[in-house]
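Spelled out, the chains give:
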Amino acid sequence: MHAVFDSSTLILLAKVDLLRPVAEDVEIFIPARVRAECLAKDTFDASMIAAMIAEKRITVERAGPDAAVRKLTRDFRIERGEAEALRLARSRECVLAVDDGPTIKACRVLGQPFATAIHFLIRLRSAGRLDAEAGVIKLENLARFGRYAERIVEDAARRIREEGR
């Protein structure tokens, strides 16, 4: 599977130590703006992302014409990094990994397939790469760092616990 990641999902997965396991199954692409956003601070997640770029586990690509990116920022009122990621995902015809609410709305309007950090967690659990206990702990950490509605977290917890029964 190929996916373009925006900074929110990349950082969330790094914070809860799921980025490397996800990268084993997913070829990760990011635009230059997302790289800049992710590496702007001296944090654990920034160090992990920088290392994975250096290891070529994350590929940085040009998003496309600036005019197209500006149009997305203007039309959907999303930030430049999210617009670049959305543009790159559309040009590569692949999933956009995003946890930013306005960008998820843009994906829905445009018919752009997307996945959140929680989707990747559930996918790891479904593949048997995490047991239920570890999955719930990772979900609790995602919920602490992310801005998920309570019903989304509850549904994800149910799915993580039921997987493998």
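Structure: above.
Residues numbered from 1 in each chain as written. Predicted model: local features only at pLDDT ≥ 70, side-chain atom pairs only at ≥ 80, totals over all residues. Heavy atoms only, no water.

Undergrad: What is the right way to look at the packing of helix α1 (residues 7–15) against helix α4 (residues 44–54) in this model?
TA: When two helices pack together, you describe them by how their axes are tilted relative to each other and by the distance separating the axes. Running from N to C, α1 and α4 cross one another at 105°; their axes reach a closest spacing of 9 Å. Considering the angle they form, α1 stands roughly perpendicular to α4. Together, L10, I11, A14 and K15 of α1 and F44, D45, M48 and I49 of α4 make up the contact between the two elements. Grouping the amino acids of the contact of α1 with α4 by side-chain chemistry returns 6 nonpolar, no polar and 2 charged. (Axes fitted to C-alpha atoms, helices over the stretch in contact; angles between N-to-C directions. Helix = DSSP H or I, 4+ residues; strand = E, 2+ residues; numbered from the N terminus. Parallel < 35°, antiparallel > 145°, perpendicular 65-115°, else oblique. Contact = heavy atoms within 4.5 Å. Nonpolar A, V, L, I, M, F, W, Y, C, P; charged D, E, K, R; others polar.)

Undergrad: Explanation requested: the side chain of D6 in the structure shown.
TA: Following the sequence through the fold, D6 ends up in the loop between β1 (2–5) and α1. Summary of buried charges: D6 has no salt-bridge partner, and the nearest side chain of opposite charge, R147, is 10 Å away. In terms of polar contacts, D6 uses its side chain to reach the side chain of S8, at 2.7 Å. (Buried < 20%, exposed > 50% of the residue type's maximum accessible area, 1.4 Å probe, protein only. Lys, Arg positive; Asp, Glu negative; His and termini not counted. Salt bridge = Lys/Arg side-chain N within 4 Å of Asp/Glu carboxyl O. Polar contact = N/O pair within 3.5 Å; in protein donor to acceptor, adjacent residues only side chain to side chain.)

Undergrad: Just checking my understanding: could you explain the nonpolar core for this structure?
TA: Inside soluble globular proteins, nonpolar side chains tend to come together where they are buried. Membership of the largest hydrophobic core comes to 57 residues, with the highest contact counts inside it found for F5, L10, L19, I28, I49 and I58. Broken down by element, this core gets its largest block of residues, 6 residues, from helix α8 (residues 117–126). With residues near it in sequence (within four places) discarded, L10 still touches F5, L19, I28, I30, V34, C38, I49 and I58. (Core = buried A, V, L, I, M, F, W, Y, C linked by side-chain atoms within 4.5 Å.)

Undergrad: I would appreciate a short explanation of the sheet that holds strand β5 (residues 114–115) in the present structure.
TA: Strand pairing in a sheet is mediated by backbone hydrogen bonds. Such pairs are either parallel or antiparallel. Taken in spatial order, the 5 strands make up an open sheet running β3-β2-β1-β4-β5, and their pairing is parallel. Of all the strands in the sheet, the pair left with one neighbour each is β3 (58–61) and β5. In this fold α1 packs onto β1, β2 (27–31), β3 and β4 (95–97), with an angle of close to 100° to the strand it touches most, β1. (Pairing = 2+ DSSP bridges.)

Undergrad: I keep staring at the pairing of β2 and nothing clicks. Help me out?
TA: Residues in a regular strand point their side chains to alternate faces of the sheet. For β2, a buried count of 4 out of 5 residues is recorded, marking the element as mostly surrounded by other parts of the structure. The sheet contact formed by β1 and β2 spans 3 bridges and is parallel. Paired with V4 across the bridge in β2 is F29. Pairing of β2 with β3 involves 4 bridges; the strand directions are parallel. Of the residues in β3, the one forming a bridge with F29 is T59.

On their own, these measurements won't tell you what the molecule is for.
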